[in-house]
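# Observations on the model geometry
One-letter residues, chain by chain:
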Amino acid sequence: ARDKKAFMSLNSSASSHPPYFLLTGIPGLEKEQFWIAFPFFIMYAIAVLGNITLLLVIKADPSLHEPMYLFLAMLAFTDLVLSTSTLPKMLAIFWMGSGKIGFVSCLVQLFFIHTFSSVESGVLMAMALDRYVAICRPLSHSSILSVTVVVALGTMVLVRGVLLISPACFLLHRMPFCQHHIISHSYCEHMAVAKLSCGDTRVNAIYGLFVALLVVGSDTFLITVSYTLILREVMKSPTEARRKAFSTCVSHICVILAFYVPALFTFLTHRFGQSIPPHIHIMVANLYLLVPPTMNPVIYGVRTKKIRDRVLLLL
């Protein structure tokens, strides 16, 4: 009898899932979406071409198998996954009005977006630590950040993302939706999907807040400490060395700001920004997943001499 009751409960939960969700795109800008898609497509093409080029150049050149470039390869791979998880479907919505996405497909997209957002944050943190060791402990750099340590750090941030985001997907799968299926967004996002549920969403909201504070809080803390120590060390250096160190660090800081500023805006707007127009919120959320993948290969390709030279040689 207990097994039968459990089966009926499970069957009832499964039947409460809508067969599909309908992504609306950018609420309030439905007529403009067709034209908005063109700059989005150009940015996506730059992101794909740029990040694939970075991966190929780093893989082909043994002299680039150093911590900084290995972390950059991880960042390029993460950017490819993030942009490809969202942009093809987003362009289909904007150009063809194809907003339908299956329930399971929505959860898969949500899993990849949030997992690799966490991974990107972790890789940026690891790159800041690498800069700290390279500038403040240059003689110990190769021994502290060996290839084995770099691979272990990359594996840790990936496992962290998977372990933290999987419970959120499991919680969504267990929730009843009462056939509510219209998502006022361009992609499946945790709280945007949770708000459609006719059940209690407090656990989802609390868990989402916990994950965001844990990932962003710990990573930004370590990034801030790293660059504070770097700044102190750089100020003691001769003018030429100081200029070179500043030039390198500015690239990293631009990448970090391009990722965290729109990410924090999107996160806070979902929870506290009811007065912000939906189209502004959704537009920033879209750019949050597109601008960093577009900017990262351009910034590192242009400002990193070894990569720039290899790309020119490849061309």
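Treat the numbers as computed from the prediction; the structure is a model and nothing was measured.

With that out of the way, let us pick up the pattern of salt bridges. Overall, the coordinates contain 3 salt bridges when judged by the stated rule. Here Asp219 makes a salt bridge to Arg160, at a shortest N to O gap of 2.9 Å. Taken together, the residues span a long stretch of sequence, with Asp219 in helix α8 (residues 202-234) and Arg160 in helix α6 (residues 147-174) at a distance of 59 residues. Using a relative accessible area of 1% as the deciding quantity, one classes Asp219 as buried.

A word on the UniProt feature "transmembrane region" (unreviewed entry) in the chain. In this structure's numbering, the residues bearing the UniProt feature "transmembrane region" (unreviewed entry) are residues 34-57, 69-95, 101-123, 144-165, 205-230, 250-268 and 280-302. This span, residues 250-268, is 100% helix and 0% strand, and a straight line between its end C-alpha atoms measures 26 Å. In residues 280-302, the share of helix is 91% and the share of strand is 0%. The end C-alpha atoms are 31 Å apart.

Here the focus is the sheet that holds strand β3 (residues 182-183). Sheets are built from strands paired through backbone hydrogen bonds, the pairs being either parallel or antiparallel. Pairing is mixed across the open sheet formed by 3 strands, whose spatial order is β2-β1-β3. Both outer strands of the open sheet, β2 (100-102) and β3, are each paired with one neighbouring strand and no more.

Interpretation of the predicted coordinates at a detailed level should be avoided for regions scoring low in pLDDT. For the chain, per-residue confidence averages 84 on the pLDDT scale, and 92% of positions sit at 70 or higher. Here helix α1 (residues 2-15) stands out as the element of the chain with the lowest mean pLDDT, 44, in contrast to α6, whose mean of 93 is the highest. Scored below 50 in pLDDT, residues 1-15 makes 3 contacts in the model with residues more than four places away or belonging to other chains.

In total, this model carries 1 disulfide according to the counting rule given. There is a disulfide in this structure between Cys106 and Cys188, and the S-S distance comes to 2.0 Å. On the sign convention where negative means left-handed, the S-S torsion of about -125° between Cys106 and Cys188 marks this disulfide as left-handed. Of this pair, Cys106 sits in helix α4 (residues 103-136) while Cys188 sits in the loop between β3 and α7 (190-194), and the two are 82 residues apart along the sequence. Residue classification places Cys106 among the buried positions, given a relative accessible area of 0%. No disulfide involves Cys169; its nearest neighbouring cysteine sulfur is the one of Cys106, lying 9.5 Å away. On the basis of relative accessibility, which here comes to 11%, the residue Cys169 falls in the buried class.

Next up on the list: the packing of α4 against α6. Here α4 crosses α6 at 150°, and the two axes come no closer than 8 Å. If you check the angle between α4 and α6, you find them roughly antiparallel. The hand of the α4/α6 crossing is right-handed. Packed against α4, whose contacting residues are Phe103, Leu107, Leu110, Phe111, His114, Thr115, Phe116, Ser118, Val119, Ser121, Gly122 and Val123, the element α6 presents Val157, Leu158, Arg160, Gly161, Val162, Ile165, Ser166, Cys169, Leu172 and His173 at the interface.

Counted under the stated rule, the structure contains 15 aromatic pairs. Taking 6.4 Å as the distance between ring centres and 65° as the angle between the ring planes, the aromatic pair formed by Phe77 and Phe116 counts as edge-to-face. With Phe77 in helix α3 (residues 67-96) and Phe116 in helix α4, this residue pair connects regions lying 39 residues apart in the sequence. Looking at Phe77, the relative accessible area reads 46%, which means it is partly exposed. Centre to centre, the rings of Phe111 and Phe112 are 5.7 Å apart; their planes meet at 85°, and the pair counts as edge-to-face. Among the aromatic side chains, those forming a connected cluster through ring pairs are Phe34, Trp35, Phe38, Phe41 and Trp95. Of note, Lys100 hangs over the ring of Tyr20, and the distance from its end group to the ring centre comes to 4.6 Å.

At a closest axis distance of 8 Å, the pairing of helix α2 (residues 33-60) and helix α11 (residues 291-303) adopts a crossing angle of 45°. In this view, α2 runs oblique relative to α11, as classed from their interaxial angle. Crossing angle aside, the handedness with which α2 passes α11 is left-handed. Where α2 approaches α11, its residues Met43, Ile46, Ala47, Gly50, Asn51 and Leu54 are matched on the opposing element by Val291, Pro293, Thr294, Pro297 and Val298. When its residues are assigned to classes, the contact of α2 with α11 shows 8 nonpolar, 3 polar and no charged.

To continue, consider the side chain of Ser85. Turning to its location among the elements, Ser85 is positioned in helix α3. Looking at Ser85, its side chain comes within polar contact range of the main-chain oxygen of Val81, at 2.6 Å. Sequence-distant contacts of Ser85, that is, excluding residues within four places in its chain, are made with Gln109, Phe112 and Ile113.

The rules behind each value
- Residues numbered from 1 in each chain as written.
- Predicted model: local features only at pLDDT ≥ 70, side-chain atom pairs only at ≥ 80, totals over all residues.
- Heavy atoms only, no water.
- Salt bridge = Lys/Arg side-chain N within 4 Å of Asp/Glu carboxyl O.
- Helix = DSSP H or I, 4+ residues; strand = E, 2+ residues; numbered from the N terminus.
- Buried < 20%, exposed > 50% of the residue type's maximum accessible area, 1.4 Å probe, protein only.
- UniProt positions renumbered as here; feature names shortened; annotations may be inferred.
- Pairing = 2+ DSSP bridges.
- pLDDT = per-residue confidence, 0-100.
- Contact = heavy atoms within 4.5 Å.
- Disulfide = S-S within 2.5 Å.
- Axes fitted to C-alpha atoms, helices over the stretch in contact; angles between N-to-C directions.
- Parallel < 35°, antiparallel > 145°, perpendicular 65-115°, else oblique.
- Left-handed = near helix turned anticlockwise from the far one by under 90°.
- Phe/Tyr/Trp six-rings, centres within 6.5 Å; stacked < 30°, edge-to-face > 60°.
- Lys NZ or Arg CZ within 6 Å of the ring centre and 35° of its normal.
- Nonpolar A, V, L, I, M, F, W, Y, C, P; charged D, E, K, R; others polar.
- Polar contact = N/O pair within 3.5 Å; in protein donor to acceptor, adjacent residues only side chain to side chain.

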